[in-house]
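A closer look at the structure
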Amino acid sequence: MIFLTKKFLDLKKLIFLFFFLFYKFTFANEGLILHGGYTFETFPTQKSTSIYISIFNNSNEDIVLDSVSCDCAKKGEFHTRILKNDISVMKKLEKIKINARSELYLQPQGLHIMLFGLNKALKDFDEFDLKFSSTTKFNYKTTIKVLNKKLKSNQLDKM
Ligand SMILES: [Cu+2]
C-alpha cells in the first residue's frame, strides 16, 4: 500500500513536470494577436528579407518580444528606421514592446523584422512559421505568407 502511494506521488510529480515544461515551451498566443504577417518572394541568391505584420495586445499587461526566429533562416532581428544625415537607415532593436491594450504595426519604411541567412528562396504562395519569445510568460507563433514580388511595385499585371 505504501509502495503504491509513493508511486502515485512520483506520477503526480511527473505530471506536474510535464505541465510545467509544456507551459513554458508551448506557443500560447495568449493575449497577443499576430495578424497578417507577410514578406515578398526572394531571388535565389538573396540571403535576407524583411517581414511586416500587425501585432495587437489584448491583455492588460505590456508584452515585450525579445527574439524572433524561423526554420527558414539562420537569424531574425527586429529593425526600425532612423534618419542619419538625412538618409533613412535601418537600426537593430534588441526587443520590441507592445503596450497593454495597444497595437504595433510593422510595415515598410518603419518597424520590421529581418531574416538573415535564408536557407532557401521564398516563392509566391509559400508559407512558413515565425516564432517569437517574450520576456514575460509566453512564446508566440504565427504564419507568414510569401507574396509575389511584383506586388511590391504594383506590377502584378505585367507578368
Ligand atoms: Cu531591416
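Please read these numbers as outputs of a predicted model, since none were measured by experiment.

**With respect to the overall build of the protein**
Along the protein, the regular secondary structure elements total one helix and 10 strands. When the helices and strands of the protein are listed from N to C terminus, the series reads α-β-β-β-β-β-β-β-β-β-β. Of the contacts formed within the protein by residues at least 6 apart in sequence, a portion of 69% connects residues at least 24 apart.

**Section: the environment of Glu41**
Within the secondary structure layout, Glu41 lies in the loop between strand 1 (32-40) and strand 2 (48-57). Note on Glu41: 19 C-beta atoms within 10 Å, which makes it partly exposed. Apart from residues lying up to four places away in sequence, Glu41 is in contact with Leu122, Lys123, Asp124, Val146, Asn148 and Lys149.

**Let's talk about the pairing of strand 1**
Two strands pair when backbone bridges link them, and strand 1 and strand 2 are joined in this way by five bridges, in the antiparallel orientation. For His35, the partnering residue across the bridge sits in strand 2 and is Ser54. The sheet contact formed by strand 1 and strand 10 (residues 139-147) spans three bridges and is parallel. Note that in strand 10 the partner of Phe40 across the bridge is Leu147.

**Describing unusual backbone geometry**
In the Ramachandran plot, Asn85 falls in the positive-phi region, its phi being about 50° despite a non-glycine side chain. Within the fold, Asn85 resides in the loop between strand 4 (73-84) and strand 5 (87-93). Take Asn85: there are 5 C-beta atoms within 10 Å of it, and that puts it in the exposed class. Here Arg101, not a glycine, exhibits a phi torsion of approximately 55°, which is positive. Among the structural elements, Arg101 can be located in the loop between strand 6 (96-98) and strand 7 (103-106).

**A look at the nonpolar core**
In terms of nonpolar packing, the biggest core is built from 18 residues, with Leu32, Ile51, Val68 and Ile113 touching the most fellow members. Counting only elements with at least two residues in this core, the list comes to strand 2, strand 3 (63-69), strand 4, strand 8 (112-118), strand 9 (127-134) and strand 10. Sequence-distant contacts of Val68, defined by excluding residues within four places in its chain, comprise Gly76, Phe78, Ile113, Leu130 and Phe132.

**Considerations on the environment of Leu34**
Relative to the elements of secondary structure, Leu34 occurs in strand 1. For the pair Leu34 and Ile53, spaced 19 residues apart in the sequence, the C-alpha separation amounts to 7.0 Å. Those residues in contact with Leu34, other than ones at most four positions away along the chain, are Ile53, Ile55, Tyr140 and Thr142.

**Some points on the confidence of the model for the protein**
On average, the protein scores 87 in pLDDT, and the residues at 70 or more come to 84%. Ranking the helices and strands of the protein by mean pLDDT puts strand 8 first, with 98, and helix 1 (residues 2-25) last, with 62.

**What to know about the environment of Gly31**
Relative to the helices and strands, Gly31 is located in the loop between helix 1 and strand 1. A sequence separation of 69 residues divides Gly31 from Ala100, and the C-alpha atoms of the two residues are 9.4 Å apart. What Gly31 contacts, discounting residues up to four positions off in sequence, is Asn57, Asn58, Ser59 and Ile63.

Rules and cut-offs
Residues numbered from 1 in each chain as written. Predicted model: local features only at pLDDT ≥ 70, side-chain atom pairs only at ≥ 80, totals over all residues. Helix = DSSP H or I, 4+ residues; strand = E, 2+ residues; numbered from the N terminus. Contact = placed C-beta atoms within 7 Å. Buried ≥ 20, exposed ≤ 12 C-beta atoms within 10 Å, placed from the backbone. Pairing = 2+ DSSP bridges. Core = buried A, V, L, I, M, F, W, Y, C linked by C-beta atoms within 7 Å. pLDDT = per-residue confidence, 0-100.

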